[in-house]
Amino acid sequence: MAGLRGLKEFVQFHYDMYRDCKQAVPFLYSEEMNTLRSDRNAAFECCEAEYFMAYRDGKAVGRVAAIINHRANERWQRKQVRFGWLDFIDDQAVSKALIETVEQWGRERGMTEIIGPMGFTDMDREGMLIEGFDEDATMYVNYNYPYYPQHIEQMGGFQKDNDYMEYLVKVPEVVPDKFHKLAEMVKKRYNLQVRKFTRKELLSGKGHEIFNIINATYKDLYGYSQLSDRQIDQLVNQYIKIADLNLVTAIEDWSTPEHQLVGFGITFPSFTSALRKTRDGRLLPFGWWHLLRTLKWHKTKVVDLLLIGVLPEYRGKGANSLIFDDLIQWFQRYGFEYAEAMPQMETNEHMRGQWQYLESRIHRQHRCYCKVL
């Protein structure tokens, strides 16, 4: 697929497919374009990609991205081609042609497995929705029609490789004792302290420290590839520049001379309702206003738990309790009623176990598939 015009058609296809689906959320158009452009996305320093579309009688009926993350393949000693941005009409011939095109593209480059849906890195949306089709989506996860996984499983050769669980958590009226009492004990015993950074601090270095913690805490998670300095710069610009800093909580170890940063939580008001009021995820003419109302005045009942990370050696010290104790109090002040916990691996029992202390339920499940070529 050639040129900027072709890329715009590739991106637009998803909006056309889901315009009448009440559960789906239109992704932010500018972010979709920037992610897929090699001259805008720092992930291309370790990735290569090609985008394909399927047509029938001159009409677009499907799309898919073929991606190779060389850094991840080197880290995990695999030769995998990823498929992502997969959308297609309910026609097995279309979905089969798209996947086979990615397989062939991967074989030509020496790949021996196909895996997906996955993006360039873990910061992109991952997994195909397999449960929770009647639940509202968010801008941070894939939504797809129920026939998608049926098509993949009918192709033959594909196996479950990893599942992600997503929890909907009720914001409690009072911080649970499990978090509050433990947080107070942790402060006294280990001298861990909650810190709210200024935007200047985050943009001048602390933001990098936060994403370095992600590299340290996520390094052994499924398919993860280390974020480079350039990728971190982009993520800091993407999230920190616009974040409500009351909803960004850091944990420092004050027993160390430099007050080491050991954990963090980044949360955002949910943009689901605001994005549904835009024209295909575009900021103009009035989309910016709906997003601003959400970001600045919290015109939503839901908050998204976007990124949470704690250095491994501090998890057993209860650093997580400090994060939740602080954030829950801010959620209450802002009037949020529910929190969306972003995808957590099925095998991540430590993280998933924390939701037992709150009123919560699994309301969506995503799956990554793998096939030997």
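The rules we used
- Residues numbered from 1 in each chain as written.
- Predicted model: local features only at pLDDT ≥ 70, side-chain atom pairs only at ≥ 80, totals over all residues.
- Heavy atoms only, no water.
- Axes fitted to C-alpha atoms, helices over the stretch in contact; angles between N-to-C directions.
- Helix = DSSP H or I, 4+ residues; strand = E, 2+ residues; numbered from the N terminus.
- Parallel < 35°, antiparallel > 145°, perpendicular 65-115°, else oblique.
- Left-handed = near helix turned anticlockwise from the far one by under 90°.
- Contact = heavy atoms within 4.5 Å.
- Nonpolar A, V, L, I, M, F, W, Y, C, P; charged D, E, K, R; others polar.
- Buried < 20%, exposed > 50% of the residue type's maximum accessible area, 1.4 Å probe, protein only.
- Pairing = 2+ DSSP bridges.
- Phe/Tyr/Trp six-rings, centres within 6.5 Å; stacked < 30°, edge-to-face > 60°.
- Lys, Arg positive; Asp, Glu negative; His and termini not counted.
- Salt bridge = Lys/Arg side-chain N within 4 Å of Asp/Glu carboxyl O.

Caption draft 1: Expanded view of the packing of helix H1 (residues 3–18) against helix H2 (residues 29–36). Viewed as axis vectors pointing N to C, H1 and H2 meet at an angle of 130°, and their least axial separation amounts to 10 Å. Accordingly, the angle class assigned to the pair H1 and H2 is oblique. Of the two elements, H1 crosses H2, and the hand of that crossing is right-handed. Taken together, the residues of H2 that come into contact with H1 (itself represented by Leu-4, Leu-7, Lys-8, Phe-10, Val-11, Gln-12 and Tyr-15) are Tyr-29, Glu-32, Met-33 and Leu-36. In the contact of H1 with H2, the residues fall into eight nonpolar, one polar and two charged.

Caption draft 2: Spatial organisation of the pairing of strand E10 (residues 302–310). The element E10 is largely enclosed, with a buried count of eight among its nine residues. Relative to E10, strand E9 (residues 260–269) runs antiparallel, the two being bridged by seven bridges. The residue bridging Pro-269 from the neighbouring strand is Val-303, located in E10. Looking at chain direction, E10 and strand E11 (residues 338–345) are connected through four bridges and run parallel. Directly across from Val-302, in E11, lies its bridge partner Tyr-338.

Caption draft 3: Looking closely at the packing of aromatic side chains. Per the counting criterion, the structure on display carries 24 aromatic pairs. On the numbers, 5.8 Å between centres and 50° between planes, the contact of Trp-330 with Tyr-334 is tilted. Here the residue Trp-330 and the residue Tyr-334 both occupy positions in helix H12 (residues 319–334), the gap between them amounting to four residues, near one helical turn. For the residue pair Trp-330 and Tyr-334, the accessibility class agrees, reading buried in each case. Three or more aromatic residues joined by ring pairs form one cluster here, namely Tyr-18, Phe-88, Tyr-143, Tyr-145, Tyr-147 and Tyr-148.

Caption draft 4: Region of interest: the side chain of Asp-325. Residue position: Asp-325 is located in helix H12. For the buried Asp-325, no salt bridge is present, and the opposite-charge side chain at shortest range is Lys-187, 5.0 Å distant. The residues touching Asp-325, leaving out its near neighbours within four places in the chain, are Val-175, Phe-179, His-180 and Ala-183.

Caption draft 5: Summary view of helix H5 (residues 147–155). For H5, the set of buried residues is Tyr-147, Tyr-148, Pro-149, His-151 and Ile-152. Check the buried side of H5 and you find it contacts H1, strand E3 (80–88), helix H4 (92–107), strand E5 (128–131) and strand E12 (360–372). Taken from the residues just after H5, Gly-156 is the one with a positive phi, measuring 85°.

Caption draft 6: Here's a closer look at the environment of Lys-200. Tracing the chain through its elements places Lys-200 in helix H7 (residues 199–218). For Lys-200, a relative accessible area of 71% gives the class exposed. Here the alpha-carbon distance between Lys-200 and Val-61, two residues 139 residues apart in the chain, equals 47 Å.

Caption draft 7: Main features of unusual backbone geometry. For the bond running from Gly-116 to Pro-117, omega is 0°, close enough to zero to count as cis. Within the secondary structure layout, Pro-117 lies in the loop between strand E4 (113–116) and E5. In this structure, the amide linkage connecting Leu-284 to the following residue, Pro-285, adopts the cis form with an omega of 5°. Inspection of the secondary structure assignment puts Pro-285 in the loop between helix H9 (272–276) and helix H10 (287–297). Backbone geometry places Asp-57, a non-glycine residue, at a positive phi of 55°. Positionally, Asp-57 belongs in the loop between strand E1 (47–56) and strand E2 (59–69). Even without glycine at this site, Gln-77 takes up a positive phi of about 55°. When you line up the elements, Gln-77 lands in the loop between helix H3 (70–76) and E3.

Caption draft 8: Broad picture of the pattern of salt bridges. Inspection of every chain in the model, using the stated rule, returns 30 salt bridges. Among the salt bridges present, the one from Lys-196 reaches Asp-326, with a minimum N-O distance of 2.8 Å. Of this pair, Lys-196 sits in the loop between strand E7 (192–195) and H7 while Asp-326 is found in helix H12, placing the two residues 130 residues apart along the sequence. With a relative accessible area of 13%, Asp-326 lands in the buried category. Taken together, the shared-partner salt bridges connect Asp-16, Arg-19, Asp-280 and Arg-282 into one network.

Caption draft 9: Looking closely at the packing of H4 against H5. Closest axis-to-axis distance for the H4/H5 pair is 10 Å, and the angle between their directions is 65°. Looking at the two axes, H4 sits roughly perpendicular to H5. Between H4 and H5 lies a crossing whose hand is right-handed. Residues Gln-92, Ser-95, Lys-96 and Ile-99 of H4 form the contact with H5, whose own contacting residues are His-151, Ile-152, Gln-154 and Met-155. Class assignment of the residues belonging to the contact of H4 with H5 gives a composition of three nonpolar, four polar and one charged.

By themselves these figures say nothing about function.
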